[in-house]
Amino acid sequence: MDSPVGVVRRRLRDKLPPLLPAAPASAPDAPGTLGFRPMVECTQCGTPGRPEALPDGLCRSCRTSAPADTTTASEPPAERDVATYVGTLRELLRSP
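Let me begin by describing the structure that accompanies this report.

Now for the overall build of the chain. Scanning the chain from terminus to terminus reveals three helices and two strands. Along the chain, helices (α) and strands (β) appear in the sequence α-β-β-α-α when read from the amino end. Within the chain, the fraction of its 96 residues that count as buried is 7%. Residue pairs at least 24 apart in sequence account for 0% of intrachain contacts in the chain once pairs closer than 6 positions are excluded.

Next comes the structure, spelled out in structure tokens:
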């Protein structure tokens, strides 16, 4: 092997896939062509929809029927509520 750099250069040039033709940026997609259109689901009911139709991950019916949260995020849970919650979790882990 005379030139390791030459061997690597040759292998890379021979193994690279061909370049894809560049699509014109100004041409819009034709109406009959299929493109990638992501779909998401509502986090509560699982209704599929476009991302624009599901802000915050909720569909329209779940957003309008969601109860108003009266607690604020900066307000910590009461100590007795945490103790009750942990106690319930321990009981669930103990039961078969």
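That shown, we press on.
This next bit is on a nonpolar patch on the surface. Taken together, the side chains of Tyr85, Leu89 and Leu92 define a hydrophobic patch exposed on the protein surface, amounting to about 320 Å² of accessible area. Its location among the elements puts Leu92 in helix H3 (residues 79–94).

Before going further, it helps to examine the pattern of salt bridges. Two side chains carrying opposite charge are able to pair once their charged atoms lie near each other. According to the stated counting rule, one finds three salt bridges in the structure shown. One salt bridge in this structure joins Arg10 and Asp14, with 2.7 Å as the shortest N-O distance. One end of the pair is Arg10 and the other is Asp14, both in helix H1 (residues 4–15) and four residues apart, which spans about a single turn. Overall, the relative accessible area of 48% leaves Asp14 in the partly exposed class.

Cut-offs and rules
Residue positions are given per chain, counting from 1 as you read along its sequence in written order. Where local features are concerned, this predicted model is filtered to residues with pLDDT of at least 70; where side-chain atom pairs are given and counted, the filter is 80 or more; whole-chain, interface and lining totals use all residues. The basis for the side-chain values is all heavy atoms of the structure; hydrogens and waters are excluded. The numbering of helices and of strands both runs from the N terminus, where a helix is a DSSP run of H or I of at least 4 residues and a strand a run of E of at least 2. Three exposure classes are used, based on accessible area relative to the maximum for each residue type with a 1.4 Å probe and protein chains only: buried under 20%, partly exposed in between, and exposed over 50%. Contacts are assigned to residue pairs with any non-hydrogen atoms lying within 4.5 Å of each other. What makes a patch is a set of residues exposed beyond 30% relative accessible area and free of salt bridges, joined within 9 Å when like-charged and within 5 Å when nonpolar (Val, Leu, Ile, Met, Phe, Trp, Tyr). Computed with a 1.4 Å probe, the accessible areas rest on the Shrake-Rupley method; for each residue, only the protein chains presented here act as cover. By definition, a salt bridge exists where a carboxyl oxygen of Asp or Glu is found within 4 Å of a side-chain nitrogen of Lys or Arg.

That is the geometry; function is a separate question.
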